[in-house]
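Below are the chains, spelled out letter by letter.
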Amino acid sequence: MSELSISFEFQPPYSPDAARRLEGAAQRLTAFAHDFSIMHWGAGAVPADRALKAIKSLKKICHTKIVAHFAQNSMKKSDITNFAQRYNACDIDHIYLTRSFSHYGRAFQQHEMQYKNILDMMRDLKNVADFNFIVSVFPESKFFDVQNIDYIKRAIDAGARHVISHICYNNDHILALRDKLVQNNIHIPLRVGIMPLTKIKKTYNLVRQYGISVQDAHAKTLFEMTEDQEDKFAIDGLAAHYALLQCQELIQEGITDFHFLTQNLYQSVYIICKALNVKRQYPHRAEHIDTVSLSA
């Protein structure tokens, strides 16, 4: 098996307790060899200043590249430019850019002062500093069409270095995306986004918002649970089990790059990385962690 290339995604904390959870998750997960960590900051659920503070905290923990994030509809153009300057002052040279879609591919209504598309944002960010970009793409066919192929090609021309697939719980869609990129002579690395189903209600809302299909029996079982009816320990184990099966199937098909959306929880992602024999660059950080049985 080829050596795996992994990355992690965290979120800015909204409280002191959440900040402690973020620090604990980052310390444990970044003990594994990884290429970069993204601090995801979306459409204003957490103040932008807090996102910048979280990036600075993450830089102290991680010893690899930290990537900042902008969503297309996250803030006004002038605010994005301002924060890009502040990111650059913190030695951040990579930015992750996500597009804005709602139910079944319909675009969100944009404020007149917001960016209408990612490519315009990339152009303006390049005027701030020589940033490299990572862009997201939806694997499911209802979102991925000829227009998206053109978008990826133009994004590469504008400085995109990686493509991360949006969360998807059907590997057929992911493999079809991989094949479509190859067919169109797009050889930029495809990194598959994996989000274990540990925060069931939140993930269920994302699935409904984006119209993501969930076909596997394990995933359906998880979506039928609620956190107050089921043991959280069991949910972590089942979430890790399903995500591990998804990764193993993709590895058999030649996929070697994975991006784990942690939701600032380490348990399931830690189990997956350990089961996949991801190398540890700082083994002492994670030696004491207890794990659940994947066969439970």
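It should be noted that the structure appears before, not after, this text.
What counts, and where the lines are drawn
- Residues numbered from 1 in each chain as written.
- Predicted model: local features only at pLDDT ≥ 70, side-chain atom pairs only at ≥ 80, totals over all residues.
- Heavy atoms only, no water.
- Pairing = 2+ DSSP bridges.
- Helix = DSSP H or I, 4+ residues; strand = E, 2+ residues; numbered from the N terminus.
- Axes fitted to C-alpha atoms, helices over the stretch in contact; angles between N-to-C directions.
- Contact = heavy atoms within 4.5 Å.
- Buried < 20%, exposed > 50% of the residue type's maximum accessible area, 1.4 Å probe, protein only.
- Right-handed = clockwise from strand over helix to strand, strands pointing away.
- Polar contact = N/O pair within 3.5 Å; in protein donor to acceptor, adjacent residues only side chain to side chain.
- Arc of directions from axis to C-beta.
- Left-handed = near helix turned anticlockwise from the far one by under 90°.
- Phe/Tyr/Trp six-rings, centres within 6.5 Å; stacked < 30°, edge-to-face > 60°.
- Lys NZ or Arg CZ within 6 Å of the ring centre and 35° of its normal.
- Expected span 1.5 Å × (residues − 1).

## Quick word on the sheet that holds strand β3 (residues 65–71)
Now for step 1: Ordered in space as β1-β2-β3-β4-β5-β6-β7-β8, the eight strands form a closed barrel in which the pairing is parallel. Here the strands of the sheet are splayed against their neighbours by 30 degrees on average, with no regard to which way each runs.
Now for step 2: Here strand β6 (residues 160–165) runs beside strand β7 (residues 190–194); their pairing, made up of three bridges, is parallel. If you follow Ile164 over to β7, its bridge partner there is Arg191.
Now for step 3: Relative to the sheet, helix α1 (residues 16–29) contacts β1 (5–10) and β2 (36–39), its axis offset from that of β1 by approximately 175 degrees.

## A word on the pairing of β7
Now for step 1: Burial runs high along β7: five of the five residues are buried.
Now for step 2: Side chains of β7 alternate between two faces, with Leu190, Val192 and Ile194 and Arg191 and Gly193 buried alike.
Now for step 3: Remark: the β6/helix α6 (residues 171–183)/β7 crossover connection has right-handed handedness.
Now for step 4: Direction of pairing for β7 relative to strand β8 (residues 257–261): parallel, over a ladder of three bridges. By the bridge assignment for β8, Gly193 is matched with His259.

## Considering the side chain of Ser165
Now for step 1: Note that Ser165 resides in strand β6.
Now for step 2: Among the polar contacts made by the side chain of Ser165, one reaches the main-chain amide nitrogen of Gly193 at a distance of 3.0 Å.
Now for step 3: If we skip the residues at most four places from it in the chain, Ser165 touches Val137, Pro139, Leu177, Leu190, Arg191, Val192 and Gly193.

## A look at helix α4 (residues 118–128)
Now for step 1: Those residues of α4 lying buried are Ile118, Leu119, Met121, Met122 and Leu125. All buried residues of α4 project into a common sector of 155 degrees when viewed along the axis, lining one side.
Now for step 2: Sitting at the amino-terminal end of α4 is Asn117, which places a side-chain oxygen 3.1 Å from the backbone nitrogen of Leu119.

## Comments concerning the packing of α1 against helix α2 (residues 48–61)
Now for step 1: Their axes nearest at 10 Å, the elements α1 and α2 cross at an angle of 35 degrees. Taken as a pair, α1 and α2 cross one another with a handedness that is right-handed. Taken together, the residues of α2 that come into contact with α1 (itself represented by Leu22, Glu23, Ala26 and Gln27) are Ala54, Leu58 and Ile61.

## Some remarks on the packing of aromatic side chains
Now for step 1: Applying the stated criterion across every chain yields a total of seven aromatic pairs.
Now for step 2: Here the aromatic rings of Tyr169 and Tyr242 are separated by 6.3 Å at their centres, their planes lie at 40 degrees, and the arrangement is tilted. Of this pair, Tyr169 sits in the loop between β6 and α6 while Tyr242 sits in helix α9 (residues 232–252), and the two are 73 residues apart along the sequence.
Now for step 3: Tyr242 gets classed as buried once you look at its relative accessible area, which sits at 5%.
Now for step 4: Cluster of aromatic residues (ring-pair linked, three or more members): Phe8, Phe10, Phe258 and Phe260.
Now for step 5: Taking the ring centre of Tyr115 as reference, the NZ or CZ of Lys77 above it sits at 5.4 Å.
Now for step 6: Positioned above the aromatic ring of Phe83, the side-chain terminus of Arg86 is 4.7 Å from the ring centre.

## Remarks on unusual backbone geometry
Comment: phi is negative for the bulk of residues other than glycine, and the bulk of peptide bonds are trans.
Now for step 1: Here Asp91, not a glycine, exhibits a phi torsion of approximately 65 degrees, which is positive.
Now for step 2: Mapped onto the elements of the fold, Asp91 is located in the loop between α3 (77–89) and β4 (94–98).
Now for step 3: With a relative accessible area of 63%, Asp91 lands in the exposed category.
Now for step 4: A positive phi angle is found at Asn277, which is not glycine, with a value near 60 degrees.
Now for step 5: On the secondary structure map, Asn277 appears in the segment after α10 (267–275).

## As for α6
Now for step 1: Relative to the 18 Å expected for 13 residues at 1.5 Å per residue, α6 spans 18 Å between its end C-alpha atoms, a close match to the ideal helical length.
Now for step 2: Buried within α6 are the following residues: Asn171, His173, Ile174, Leu175, Leu177, Arg178 and Leu181.
Now for step 3: Of the residues one or two after α6, Asn185 is the one with positive phi, at around 60 degrees.

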